[in-house]
Number of protein chains: 2
Amino acid sequence: MFKLIHQDKNSGARLGKITTRHGEIETPCFMPVGTHGTIKGLYPKDVVEAGAQIMLANTYHLFLRPGMEVIRKAKGLHKFISWDKPILTDSGGYQIFSLALLRKLSDKGVEFQSHIDGCKHFLTPEDVLDIQRDLGSDIMMPLDECVHYPCTRTQAEMAMHRTINWAGRSCKHKNRLKEDNVNNRQFLFGIVQGATYEDLRNICVKELKDMDFDGYAIGGVSVGEPSNLIYNILGITAVLLPIEKPRYAMGIGYPQDILEAVERGIDMFDCVVPTRYGRNGTAFTSKGKVKIGNSPYLEDFKALDENCSCYTCRNFSRAYLRHLFNAREMLGLTLLSLHNVYFFLDLAGKIRKAIRDNCFSEFKKDFLNNYLIG
Amino acid sequence: MFKLIHQDKNSGARLGKITTRHGEIETPCFMPVGTHGTIKGLYPKDVVEAGAQIMLANTYHLFLRPGMEVIRKAKGLHKFISWDKPILTDSGGYQIFSLALLRKLSDKGVEFQSHIDGCKHFLTPEDVLDIQRDLGSDIMMPLDECVHYPCTRTQAEMAMHRTINWAGRSCKHKNRLKEDNVNNRQFLFGIVQGATYEDLRNICVKELKDMDFDGYAIGGVSVGEPSNLIYNILGITAVLLPIEKPRYAMGIGYPQDILEAVERGIDMFDCVVPTRYGRNGTAFTSKGKVKIGNSPYLEDFKALDENCSCYTCRNFSRAYLRHLFNAREMLGLTLLSLHNVYFFLDLAGKIRKAIRDNCFSEFKKDFLNNYLIG
C-alpha cells in the first residue's frame, strides 16, 4: 500500500506514495475536508484541478444525513458525491465527542443523540467499520476516544486503553469483513492516543504496532494545546512508528504546523481551515493571511498572492474579491476557498519537491521567513 | 452592429447576430444577470462554458458599491470582474425606483438615497451615460421612467414623455461623447415605455425611432401584469420597431415567456430567475420546475434533467443535490444555479436552431407540451 520513496538527509521528512483502488497519493499530502461529502463551496472538478489527490469525509455527518440507506443505494460515497479519487473517512468519534448531545461512553461503544434532530444512536467499533465499509472509503479509521487538552493523566490513560481495546476489535472485525470478501481493498489505520504523556504514547504505539495496521494516525493533537506541545507529541510519536507505514497527523493544521510535522516524519494531513477561513473572508498567502474585507484592499488590483497560479489569482484582484465579500456575494467566498485549498495543496507539492531535492530544511526556512504567522 | 440572418416563415421569430468590440452575440439570446458584477455563485469561466455570450450588470449596484472610482482605476468593468465577453448595463433607473430610498423625480433627473448607507445621490440622464462609459459596457441603456402595473393612463403618459425627453438628451450626450472619441464603440438602446396602453407604446416608438438608437428595448413589462398582457404588449410593440435593429424585452422571463416573446419578434432577454431560483433550491428542467428539497428526491439517483448536459446533470443526482440543499451546503445552491443558467442558455440555443430550421412553432409547441408551468 505504501512505498517510502526517499528520506530527507537533514530531517525526518519523507517522500512516499500510497496506492489505493482509486489511485495513487503522493506524500506528504494534504487532504481537503468534505464534511457533508462536499468540500464547502467547491466543485469536485475544481478541487481535483487544484491538485487534490485524496479528500476526507466525515462519517458522523454522513451517517446522520443523508443516512446510510441513501448512500448504500447510491452504491457508495464516491458515486454519491461524484468523486473518483481516494477518500479517507474518519470514525465519527471526534464529532460524537464534540458535536453530539448526551453521549454515554462505555467499553461496548458510544451512545449519543444527533445534533440535528435529537435521535438516539448507539455505535460500537464494529458498527463504525460497517458504516465505512458501506461508504466505501479507501482509508478507514477505527473508533477511538480522544481527550481534550488539558486532561489528567488518569483521563488520558483510560482513553488510551479504551482506544487500544477498540483498535483490537476493529482489527478483528476488519479481518472478518475481509474473509467475507467485502472490503478487502479498504485500508484501516490505527490511531495513537495518549494526550501529552510521552510514556502513554509509547505504550499505545507498541500495542497498535502488534496489530499491524495499514497506517498510523496520531490523534488527540491540536485539541487546545500550544503549538510547541503539538510538535513535540508528533515528533516523539512519529519516531516510534514503523518506517514502512504512512503516518497521519489528524486535524493538522496551519501551514507552519504542516511544515513542522513533515520535518518530524509525518506524511498525511487534513484540516478544515482552507474552506473555513475562505468562508470568513481570509486568504492564506505566501506572505501570511489576508483579511480581504479590510480597507487597504479597496483599490488593490494585485492578485491575492502574486506567487500563486490558482484560478482566483490568475483572474481576480484583491479589490474585486473585497467588493464581492462586502456585497455578501457567494462568489467571494468560493473564490477564497478555492485559493486556500490550492494554497495548501500547492504547499504539499512544494514540500514533496523539496524533499526530493534534499533541501526540505532550506525550503521550510525560506517559507517561514516570508510567511507572517498570526 | 446587428445583422438579421433569418426570419421564421410561420411566426415573428428572428435569427440575428450582434457584433460588439468584445465579440459576437447570436440572437435570440439570454443574458444572465450579474447584479454586483457576478452572476451569483458562479465562476465566470463556468458561465462562459455554459454558453453565455453576453452578461448584464446593474449600474445602480455597481455605482454604489464598489463605486465608480474603483472601477475606473480597474480600467473598466470587464477587467474588474474578469469577463471578456460583451456586457450590457442597465441605466439604474429600475433599481432607483424599486430599491432606493426617498427618491425625488424631476425632469432634470432623479435624486435618491442609497439603500446601503443612506447617502444622497442625484443623477441626470447624462450622468447615467457617463457612468456606463466608465463601466465600459458594450451596450448602454438610457435613464427612463418605468411605471408599475396597474397604473393610470395619466401616470403612464407622464412617465412616457419623461422617458422620451431623457432618451433625446441621452442621444445627444452620447453623440458628444462620440465626438470626444471616448465611447465610440459602445452602443445605446432606446427604451419604449407606455405601460399597457397601445397608443402610448406607439407614440413612444415613433419618437425613439427618429432618434435612431442602436437597438430598442421594451421596458415596463413584467412589472406585475398578467402573462397575456405582457405577451400582448411585446407583440404590438415589436411590430412597430425597425426590422434591422435588435429588440430587447427587459426582465423577461420564464421559459414560456421567452418562447412567447421570440414568437413575437424579440431578440434579447435577461432575467435573474436562473440564479434566484437556484439559490432557493428550485431547478428548471425540460419537464418544469423541480424543488430539490422535496422528499420524493431523497433516493432519486437520476439527474436533475436527463436531457441536460450541464456539469451538474452530468455528475450529480437529485438525491445528492437534495442532501446538499438540506445540509445547507453552498455547493447545492451553486450547482442548481449553474444548471439553471445552462438551461436558459441552452433554451436560447435550441430556439436559434429551430428558427434556422424553420420549425420554431413546432419547437415551441413541443417544449410547452413537456414543460409543466407553475
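Just so it is clear, the model here is predicted, and its values are computed rather than measured.

**Topic: the overall build of chain A**
1) Next: Counting its regular elements, chain A contains 14 helices and 16 strands.
2) Next: Whereas a compact globule of 374 residues would reach a radius of gyration of roughly 21 Å, chain A reaches 20 Å, a difference of no more than 12%.
3) Next: Dimensions of chain A, computed from the C-alpha atoms along their principal axes, are close to 60 × 50 × 40 Å.
4) Next: Across the 374 residues of chain A, 54% fall into the buried class.
5) Next: Pairs at least 24 residues apart make up 67% of the contacts formed inside chain A by residues separated by at least 6 positions.

**Considerations on the domain arrangement of chain A**
Residues and elements named next belong to chain A.
1) Next: Domain parsing of chain A yields domain 1 (2-271) and domain 2 (274-374).
2) Next: A separation of 27 Å is found between the C-alpha centroids of domain 1 and domain 2.
3) Next: If you look at the interface, domain 1 gives 27 residues, while domain 2 gives 29 residues.
4) Next: Taken together, the elements giving at least two residues each to the side of domain 1 that touches domain 2 come down to β4 (29-34), α1 (44-49) and α9 (255-263).
5) Next: Here the side of domain 1 that touches domain 2 takes six residues from α9, the largest share from any one element.
6) Next: Residue composition of the side of domain 1 that touches domain 2, by class: 15 nonpolar, six polar and six charged.

**Some points on the interface of chain B and chain A**
1) Next: Across the boundary between the two partners, chain B contributes 28 residues, which contact 28 residues of chain A.
2) Next: Only α2 (59-73), α3 (77-81), α12 (318-326) and α13 (330-356) of chain B provide two or more residues apiece to the side of chain B that touches chain A.
3) Next: Ranked by the residues each element gives to the side of chain B that touches chain A, the list is headed by α12 of chain B, at five residues.
4) Next: Of the residues in the side of chain B that touches chain A, the class split is 15 nonpolar, eight polar and five charged.

**Topic: the packing of α2 of chain B against helix α5 (residues 125-135) of chain B**
Residue and element names in this part refer to chain B.
1) Next: Running from amino to carboxyl end, α2 crosses α5 at an angle of 60 degrees, the nearest separation of the two axes being 10 Å. Viewed along their axes, α2 and α5 adopt a mutual orientation that is oblique. In the packing of α2 onto α5, the handedness of the crossing is left-handed. Residue-level inspection shows T59, L62, F63, M68, I71 and R72 of α2 in contact with α5, the latter providing V128, I131, Q132, D134 and L135.
2) Next: A breakdown of the residues in the contact of α2 with α5 according to their chemical character gives seven nonpolar, two polar and two charged.

**Observations concerning the environment of R153 of chain A**
Residue and element names in this part refer to chain A.
1) Next: Residue placement: R153 occurs in helix α6 (residues 153-179).
2) Next: Exposure remark for R153: the 13 C-beta atoms within 10 Å place this residue in the partly exposed category.
3) Next: Along the sequence, R153 and Y197 sit 44 residues apart, while their C-alpha atoms lie 7.4 Å from each other.

**Some words on the relation of the copies chain B and chain A**
A rotation about an axis combined with a shift along that same axis relates the two copies of the chain.
1) Next: Screw-axis analysis of chain B against chain A gives a translation of 0.0 Å along the axis, an RMSD of 0.0 Å, and a rotation angle of 180 degrees. Interpreted geometrically, this transformation is the action of a two-fold axis. Relative to the rotation axis, the C-alpha of M330 of chain B is the closest in chain B, positioned 4.0 Å from it.
2) Next: When the interface residues of chain B are mapped onto chain A, 96% of them again lie at the interface, so the same face is used by both copies.

**Details of the pairing of strand β3 (residues 23-27) of chain A**
All names here are of chain A.
1) Next: Note: strand β2 (residues 14-20) against β3, five bridges, orientation antiparallel. The residue bridging G16 from the neighbouring strand is T27, located in β3.
2) Next: Taking the residues that link successive antiparallel strands as the turn, the β2-β3 hairpin has two residues.

**Here we look at unusual backbone geometry**
1) Next: The omega torsion of the bond from R65 of chain A to P66 of chain A falls at 10 degrees, within 30 degrees of zero and hence cis.
2) Next: Examined against the element boundaries, P66 of chain A turns out to sit in helix α2 (residues 59-73).
3) Next: Looking along the chain, the bond that leaves I252 of chain A and enters G253 of chain A is cis, with omega of -5 degrees.
4) Next: Among the structural elements, G253 of chain A can be located in the loop between β13 (247-249) and α9.
5) Next: Located in the positive-phi region is S82 of chain A, a residue other than glycine, with phi close to 60 degrees.
6) Next: Mapped onto the elements of the fold, S82 of chain A is located in the loop between α3 (77-81) and β6 (87-89).
7) Next: Given 18 C-beta atoms within 10 Å, S82 of chain A falls into the partly exposed group.
8) Next: Positioned with a positive phi, R328 of chain B is a non-glycine residue whose angle comes to about 55 degrees.
9) Next: Tracing the chain through its elements places R328 of chain B in the loop between α12 and α13.
10) Next: Owing to 9 C-beta atoms within 10 Å, R328 of chain B belongs among the exposed residues under this scheme.

How each quantity is defined
- Residues numbered from 1 in each chain as written.
- Chains lettered and ligands numbered in written order.
- Predicted model: local features only at pLDDT ≥ 70, side-chain atom pairs only at ≥ 80, totals over all residues.
- Helix = DSSP H or I, 4+ residues; strand = E, 2+ residues; numbered from the N terminus.
- Rg over C-alpha atoms; globule rule 2.2 N^0.38 Å.
- Buried ≥ 20, exposed ≤ 12 C-beta atoms within 10 Å, placed from the backbone.
- Contact = placed C-beta atoms within 7 Å.
- Domains from an automatic or database assignment.
- Nonpolar A, V, L, I, M, F, W, Y, C, P; charged D, E, K, R; others polar.
- Axes fitted to C-alpha atoms, helices over the stretch in contact; angles between N-to-C directions.
- Parallel < 35°, antiparallel > 145°, perpendicular 65-115°, else oblique.
- Left-handed = near helix turned anticlockwise from the far one by under 90°.
- Least-squares fit on C-alpha atoms with pLDDT ≥ 70 in both.
- Pairing = 2+ DSSP bridges.

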